[in-house]
Amino acid sequence: QVQLVESGGGLVQAGGSLRVSCAASGRTFSTYAMGWFRQASGKVREFVAAINRSGGNTYYADSVKGRFTISRDNAGNTVYLQMNSLNPEDTAVYYCAATAASATALKSGYGINYWGKGTLVTVSS
């Protein structure tokens with residue numbers, strides 16, 4: 001069993017930056033590909049970013065490419081999402097996800113084994 005706890009959300013002005021974190025319990029963190037999804041009010045949950053087990057490969061949604069960076073610290077059981085040049089359309093609850101399958105599967109929304117409860121990011125104009 002893996003528990004995922006997100007933190008770091010908050011209110012930021014448009015153009016600003018924020019880093020959200022996801023701390024994972026357990027000793028098997030490095031065996032999971034990790035990712036971030038987000039859900040804006042009234043919209044479906046969408047893929048944001050994914051990272052493979054070693055951290056050597058990353059994937060991004062087109063809407064965040066060049067602005068967001070996903071990274072992981074396997075020793076610290078944590079995955080991060082650095083968000084720059086934020087705009088109001090980035091306002092959403094951001095969820096951490098873990099899969100024993102591949103990062104490419106995760107980005108398609110398949111085979112996700114664990115979800116966090118989310119952290120709210122609000123970008124004001």
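Okay, so let's go over this structure. None of these values were measured; they are calculated from a predicted model. (Residues numbered from 1 in each chain as written. Predicted model: local features only at pLDDT ≥ 70, side-chain atom pairs only at ≥ 80, totals over all residues. Heavy atoms only, no water.)

## Description of the overall build of the protein chain
Phase 1: Scanning the protein chain from terminus to terminus reveals 1 helix and 11 strands.
Phase 2: Relative to the 2.2 N^0.38 estimate, which gives 14 Å for 125 residues, the radius of gyration of the protein chain is 13 Å and therefore close to what a compact globule would have.
Phase 3: Out of the 125 residues in the protein chain, the part that is buried amounts to 43%.
Phase 4: A sequence separation of at least 24 residues applies to 58% of the contacts in the protein chain between residues at least 6 apart. (Helix = DSSP H or I, 4+ residues; strand = E, 2+ residues; numbered from the N terminus. Rg over C-alpha atoms; globule rule 2.2 N^0.38 Å. Buried < 20%, exposed > 50% of the residue type's maximum accessible area, 1.4 Å probe, protein only. Contact = heavy atoms within 4.5 Å.)

## Observations regarding the state of the cysteines
Phase 1: Here the structure, examined in full by the defined rule, presents 1 disulfide.
Phase 2: Note on cysteine connectivity: C22 is disulfide-linked to C96, with sulfurs 2.1 Å apart. Between C22 and C96, the disulfide has an S-S torsion of -80° and is therefore left-handed. Remark: C96 occurs in strand 9 (residues 92-99) and C22 occurs in strand 3 (residues 18-24); sequence separation between them is 74 residues. (Disulfide = S-S within 2.5 Å.)

## As for the environment of V93
Phase 1: Positionally, V93 belongs in strand 9.
Phase 2: Each C-alpha atom of the pair V93 and Y59 lies 19 Å from the other, and the pair is 34 residues apart in sequence.
Phase 3: Once residues within four sequence positions are removed from consideration, V93 is found in contact with F37, R38, Q39, G118, T119 and L120.

## What about the nonpolar core?
Phase 1: Core analysis: the largest hydrophobic core is formed by 38 residues, its most contacted members being L4, M34, W36, V79, L81, M83 and Y94.
Phase 2: Excluding its chain neighbours within four sequence positions, the residues that come into contact with M83 are G16, S17, L18, V20, R67, F68, Y94 and V121. (Core = buried A, V, L, I, M, F, W, Y, C linked by side-chain atoms within 4.5 Å.)

## Points about the pairing of strand 1 (residues 4-7)
Phase 1: Only one face of strand 1 is covered, namely the one carrying L4 and E6; the face carrying V5 and S7 has none of its residues buried.
Phase 2: Of the strand pairs in this sheet, strand 1 and strand 3 are connected by 4 bridges, and their pairing is antiparallel. Counterpart to S7 in the pairing with strand 3 is S21. (Pairing = 2+ DSSP bridges.)

## Things to note about the packing of aromatic side chains
The relation between two aromatic rings is expressed through the spacing of the ring centres and the mutual angle of the planes.
Phase 1: Within this structure, the stated rule accounts for 3 aromatic pairs.
Phase 2: When the ring of F37 is compared with that of F47, the centres are 5.7 Å apart and the planes differ by 75°; the resulting orientation is edge-to-face. Here F37 is found in strand 4 (residues 33-39), whereas its partner F47 is found in strand 5 (residues 46-51), with 10 residues between them in sequence.
Phase 3: Owing to a relative accessible area of 5%, F37 belongs among the buried residues under this scheme. (Phe/Tyr/Trp six-rings, centres within 6.5 Å; stacked < 30°, edge-to-face > 60°.)

## A word on the pairing of strand 8 (residues 78-83)
Each regular strand carries side chains that alternate between the two faces of the sheet.
Phase 1: Along strand 8, 5 of the 6 residues are buried, which leaves the element largely enclosed by surrounding structure.
Phase 2: Relative to strand 8, strand 3 runs antiparallel, the two sharing 6 bridges. The residue of strand 8 that forms the bridge with S21 is Y80.
Phase 3: Pairing of strand 7 (residues 68-73) with strand 8 involves 6 bridges; the strand directions are antiparallel. In the strand pairing of strand 8, D73 is matched with T78.
Phase 4: Joining the antiparallel neighbours strand 7 and strand 8 is a turn of 4 residues, in which N77 adopts a positive phi near 55°.

By themselves, these observations are geometric and do not establish any function.
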